[in-house]
Every structure is written in C-alpha cells, then in structure tokens.
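Secondary and tertiary structure notes
The residues making up each chain are set out below.
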Amino acid sequence: LIPGGFHEATVCTRGRHVAWVHSKKGFVKLALRHGYALYPAYVFGESDTYVNPQGLRGLRARLADFNVPSILPLGSRWCPLLPRRDTGLYLVVGRPLVLPQVEDPTQEQLDEWNAK
C-alpha cells in the first residue's frame, strides 16, 4: 500500500526524500471496513534508486490527478529500468494502528482515523 502513488513518484528525485501525504482516505476506509491494522512505514533511500528528470511539474501533477504516471525512471547504467545497485535501502516500520471493524464508516470516523 503506497498512499503517495503517482503524485509522490512524480516529484521524487535522486538525493531528496519526498513523502506525498494527501487528503485521500480510501485506504483508511478499506481498513475500517475490514478491521485491518495499518502499519506506518517509510523506506529511506528509495528516491536514490532511480533518477527521475524534473520539469513540467504542473502538467505532471495534473496527469497524476487522473492516475496517469508521468515519470521517466532511469536506474542502472546498463539497464535503465532496473534500480541502481549503489543505494542502501532502510525500511522503518512503526507500531500498528489497529482499527475497529465498521461496515459503513462515516466521514467523521474517516477523519478521526486518518489523523492518527
């Protein structure tokens, strides 16, 4: 589950960590409906696995609004579609947020659990 999605991929560039946290709450809604636990996690170094040329940020953000990826990931020199091997990846996982099972969550419940 990657809440940042295409927007985060669009602004991602080598040497800079970016976390795109936005107001979409679909994953919280699904977790509430099924009583899932959410684990906050972040991978440090992921943005260094590829070079993503920047530019036309406004247009690229609009395309991401329509779930159209507008990235050009360039990784390994011998095969640009593969990630660079000279990068360390470090995964940090937080304590789980255990959600109750709510068949039809209200907007207030979504806001409450998304804020946590």
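Everything numeric here is computed off the predicted structure, so don't read it as measured data.

About the criteria used
Residues numbered from 1 in each chain as written. Predicted model: local features only at pLDDT ≥ 70, side-chain atom pairs only at ≥ 80, totals over all residues. Heavy atoms only, no water. Helix = DSSP H or I, 4+ residues; strand = E, 2+ residues; numbered from the N terminus. Rg over C-alpha atoms; globule rule 2.2 N^0.38 Å. Buried < 20%, exposed > 50% of the residue type's maximum accessible area, 1.4 Å probe, protein only. Arc of directions from axis to C-beta. Lys, Arg positive; Asp, Glu negative; His and termini not counted. Salt bridge = Lys/Arg side-chain N within 4 Å of Asp/Glu carboxyl O. Polar contact = N/O pair within 3.5 Å; in protein donor to acceptor, adjacent residues only side chain to side chain. Patch = residues over 30% accessible without salt bridge, like charges linked within 9 Å, V, L, I, M, F, W, Y side chains within 5 Å. Areas by Shrake-Rupley, 256 points an atom, 1.4 Å probe, with all protein chains shown as cover. pLDDT = per-residue confidence, 0-100. Core = buried A, V, L, I, M, F, W, Y, C linked by side-chain atoms within 4.5 Å. Contact = heavy atoms within 4.5 Å. Axes fitted to C-alpha atoms, helices over the stretch in contact; angles between N-to-C directions. Parallel < 35°, antiparallel > 145°, perpendicular 65-115°, else oblique.

A word on the overall build of the protein chain. What the protein chain contains, in helices and strands, is four helices and four strands. The secondary structure elements of the protein chain, listed N-terminal to C-terminal, are α-α-β-β-α-β-β-α. For 116 residues, the compact-globule estimate of 2.2 N^0.38 gives 13 Å, and the protein chain exceeds it by more than 25% at 17 Å. Taken along the three principal axes of its C-alpha coordinates, the protein chain extends 50 × 30 × 20 Å. Counting every position in the protein chain, which comprises 116 residues, the buried fraction comes to 22%.

Attention now goes to helix H2 (residues 26-34). Those residues of H2 lying buried are Val-28, Ala-31 and Leu-32. Looking down the long axis of H2, one finds its buried residues gathered within 100° of arc, a one-sided arrangement. Of the residues one or two after H2, Gly-35 is the one with positive phi, at around 70°.

The subject of this paragraph is the side chain of Arg-60. For Arg-60, the location among the structural elements is in helix H3 (residues 57-65). Buried charged residue Arg-60 carries no salt bridge. Nearest counter-charge: Asp-65, at 12 Å. Reaching out from Arg-60, the side chain makes a polar contact with the backbone oxygen of Gly-55 at a distance of 3.3 Å.

Tallied over the full model, the rule gives two salt bridges. Where Arg-62 meets Asp-65, a salt bridge forms, and the shortest distance between an N and an O atom there is 3.7 Å. Here Arg-62 pairs with Asp-65, and both are found in helix H3, just three residues apart, close to one helical turn. Note that Arg-84 is salt-bridged to Asp-86, the shortest N-O span being 2.9 Å. The class of Asp-86 is exposed, set by a relative accessible area of 54%.

Together, Leu-56, Leu-59, Leu-63, Phe-66 and Val-68 line one region of the surface with nonpolar side chains, adding up to about 500 Å² of accessible area. Within the secondary structure, Leu-59 is located in helix H3.

Below, the discussion takes up the confidence of the model for the protein chain. For the protein chain, per-residue confidence averages 83 on the pLDDT scale, and 92% of positions sit at 70 or higher. Least confident of the elements in the protein chain is helix H1 (residues 5-11), whose mean pLDDT is 73; most confident is strand E3 (residues 90-93), at 91.

Time to look at the nonpolar core. The biggest cluster of nonpolar side chains holds eight residues, and these are Val-28, Ala-31, Leu-32, Leu-38, Leu-99, Val-102, Leu-110 and Trp-113. Of all elements in the fold, only H2 and helix H4 (107-115) reach the threshold of two or more residues within this core. Here this core gets three residues from one element, more than from any other, and that element is H2. Non-local contacts of Trp-113, meaning those with residues more than four positions away in its chain, are made with Val-28, Leu-32, Leu-97, Val-98, Leu-99 and Pro-100.

This next bit is on the packing of H2 against H4. Closest axis-to-axis distance for the H2/H4 pair is 10 Å, and the angle between their directions is 105°. Relative to H4, H2 is oriented roughly perpendicular. Facing Phe-27, Val-28, Lys-29 and Leu-32 of H2, the residues of H4 in contact are Gln-109, Leu-110, Trp-113 and Asn-114.

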